[in-house]
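Structural characterization, general
Each chain is listed here by its residues.
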Amino acid sequence: MEAREEAREIDWRLLVGDEWAEWYAMTPAERLEASSKLWQTYLQLGGSLDPEPDSQSPFYSEEERRAFAPHGRSGLRVVRRGGV
Amino acid sequence: MRSLLMGDQGCVLYGAAEFSRDTDVVVLSDDDNLDRLGSAVGELRADVIAVPPFEKRHLEAGHSVHFRCHAAGVEGMRLDVMARIRGLPGFDPLWERRSTIETDDGPIDVLALPDLVTAKKTQLDKDWPMIARLLEADYAACGPQADSVRLAFWLQELRTPSLLIEVARSGAHAAQAESAARPLLTHALAGDANALATALRVEEDREREADRKYWDPLRAELEELRCARRG
């Protein structure tokens, strides 16, 4: 292997923030478990499993998005919005 | 059934995403495997929710077939299936170099990280920060010491300027060699973060345009299929 200069340790919290630094430090199995919990919370909050409408996507079709929304709704909706 | 997890759920396992609302897989598109896929989607009580229909010819043309599941426990979950991905070879080489993640529910076969990075080079805004995170997470997991293969991978794919400068600095010989294929590494070697960021954006724009061109004829086919379905 090629001799390399000493690489510096990266301060991941500084580079990407605490949340992502913690996520990077997990194993794949730990991430899967954590993601599953987020999934349950998302569903309990009434989140939709529809894709986010994304007009950049080659699969995007407004017609299909309306026709196949499973519950006739597109996802989490803001029912009350606080001031900025 | 031979399939490999990809998409945002693949990114969850590799550390680049926290959550995904659907499951994307790439499958071997031979008749036997598609029969098994048909049985699997039957067990999931999944129906096709958009064009194209679930047919071998559409998968082999590069389309994605979109299912929604209705079986108990997976109600509403979406499954997107592809057999060909821009920039990647056919299924067999992808299968040979796959990653397998052990979980409490059994092993999960996932696209290898370099293949997932290639698959994420799309025209979509959302995919590019995810590529950066895939590389950051890999660097974080491996630490600064890496073998020459991984070092070359980082030099070719990292999208975070400060990390790319660090990797080029600590592996200058490799960076010089890799700069033939990725000229922006000269900015990383010079430690010029601004020029590097600009060059990364140009590189991204080039890939996004290539993806748009790849999808142009497929988009046209999808529109024809929608017209035919409307009658």
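Residues numbered from 1 in each chain as written. Chains lettered and ligands numbered in written order. Predicted model: local features only at pLDDT ≥ 70, side-chain atom pairs only at ≥ 80, totals over all residues. Heavy atoms only, no water.

1. Some remarks on the overall build of chain A
Scanning chain A for helices and strands turns up four helices and zero strands. When burial is assessed residue by residue, chain A has 27% of its 84 residues classed as buried. Residue pairs in contact within chain A that sit at least 24 positions apart in sequence constitute 32% of those at least 6 positions apart. Carbon and sulfur atoms make up 52% of the accessible area of chain A, which amounts to about 6100 Å² in all. (Helix = DSSP H or I, 4+ residues; strand = E, 2+ residues; numbered from the N terminus. Buried < 20%, exposed > 50% of the residue type's maximum accessible area, 1.4 Å probe, protein only. Contact = heavy atoms within 4.5 Å. Areas by Shrake-Rupley, 256 points an atom, 1.4 Å probe, with all protein chains shown as cover.)

2. Let's talk about the overall build of chain B
Counting its regular elements, chain B contains eleven helices and seven strands. In terms of overall size, chain B behaves like a compact globule, its C-alpha atoms giving a radius of gyration of 19 Å where 231 residues would be expected to give roughly 17 Å. Referenced to the eigenvectors of the C-alpha coordinate spread, the extents of chain B come out at roughly 60 × 45 × 30 Å. Expressed as a percentage of its 231 residues, the buried residues of chain B come to 53%. Entry remark: accessible area of chain B is about 10000 Å², with carbon and sulfur atoms responsible for 51%. Seen as two clouds, the 29 positive and the 40 negative side-chain charges of chain B have centres 5 Å apart. (Rg over C-alpha atoms; globule rule 2.2 N^0.38 Å. Lys, Arg positive; Asp, Glu negative; His and termini not counted. Charge placed at Lys NZ, Arg CZ, Asp CG, Glu CD.)

3. Regarding the pairing of strand β5 (residues 78-82) of chain B
All names here are of chain B. Counting buried residues along β5, five of its five residues qualify, which places the element largely inside the surrounding structure. In β5, alternate side chains face the same way, and those of Arg78, Asp80 and Met82 on one face and Leu79 and Val81 on the other are all buried. Relative to β5, strand β2 (residues 22-27) runs parallel, the two sharing five bridges. Its bridge partner lying in β5, Asp22 is registered against Arg78. Inspection of the sheet shows strand β4 (residues 65-68) paired to β5 by four bridges, in the antiparallel sense. What sits directly across from Val65, in β5, is Val81. (Pairing = 2+ DSSP bridges.)

4. Quick notes on the packing of aromatic side chains
Aromatic ring pairs are described here by two measures, namely the spacing of the ring centres and the angle between the planes. Counted under the stated rule, the structure contains nine aromatic pairs over all chains. With a centroid separation of 5.7 Å and an interplanar angle of 85°, the aromatic rings of Trp12 of chain A and Tyr24 of chain A are classed as edge-to-face. Taken together, the residues Trp12 of chain A in helix α1 (residues 12-16) and Tyr24 of chain A in helix α2 (residues 18-25) connect sequence positions twelve residues apart. Across the pair, Tyr24 of chain A and Trp12 of chain A agree in class, each one buried. Ring centres 6.0 Å apart and planes at 45° place the aromatic pair Trp20 of chain A and Tyr24 of chain A in the tilted group. Of this pair, Trp20 of chain A and Tyr24 of chain A both sit in helix α2, four residues apart, which is roughly one turn of the helix. Across this residue pair, the class does not change: Trp20 of chain A and Tyr24 of chain A are buried. Here the basic side chain of Arg98 of chain B rests over the ring of Trp95 of chain B, its NZ or CZ set 3.9 Å away from the ring centre. (Phe/Tyr/Trp six-rings, centres within 6.5 Å; stacked < 30°, edge-to-face > 60°. Lys NZ or Arg CZ within 6 Å of the ring centre and 35° of its normal.)

5. Details of the pattern of salt bridges
Residues and elements named next belong to chain B. Summed over the entire model, instances satisfying the criterion amount to 27 salt bridges over all chains. As a salt-bridge pair, Asp8 and Lys120 come within 2.6 Å of each other at their nearest N and O atoms. Separated by 112 residues along the polypeptide, Asp8 in helix α1 (residues 7-14) and Lys120 in the loop between α5 (113-119) and α6 (127-142) bring together distant segments of the chain. Judged by its relative accessible area of 6%, Lys120 falls in the buried class. For Glu209, the salt bridge identified is with Arg212, shortest N-O distance 3.2 Å. Taken together, the residues span about one helical turn, with Glu209 and Arg212 both in helix α11 (residues 193-230) at a distance of three residues. (Salt bridge = Lys/Arg side-chain N within 4 Å of Asp/Glu carboxyl O.)

6. Thoughts on the interface of chain A and chain B
Of the residues lining the interface, 42 residues belong to chain A; the matching set on chain B comes to 56 residues. Counting each side, the surface lost to burial between chain A and chain B is near 4500 Å², with a carbon and sulfur contribution of 53%. For the interface between chain A and chain B, the tally reads zero salt bridges. At the junction of chain A with chain B, the criterion picks out seven residue pairs in polar contact (both at pLDDT 80 or more). (Buried area = accessible area lost by both parts, 1.4 Å probe. Polar contact = N/O pair within 3.5 Å; in protein donor to acceptor, adjacent residues only side chain to side chain.)

7. Let's talk about the confidence of the model for chain B
Across chain B, pLDDT averages 96, with 100% of residues at or above 70. Taken over the whole predicted complex, pTM reads 0.91, whereas the ipTM for its chain interfaces reads 0.91. (pLDDT = per-residue confidence, 0-100.)

8. Description of the nonpolar core
Residues and elements named next belong to chain B. In terms of nonpolar packing, the biggest core is built from 72 residues, with Val81, Leu111, Leu134, Leu135, Trp154, Leu155 and Leu164 touching the most fellow members. Sorting elements by how many residues they give to this core places α6 first, with seven residues. Residues contacting Leu134, with those up to four places away along its chain left out, are Cys11, Tyr14, Ala16, Leu113, Leu116 and Val117. (Core = buried A, V, L, I, M, F, W, Y, C linked by side-chain atoms within 4.5 Å.)

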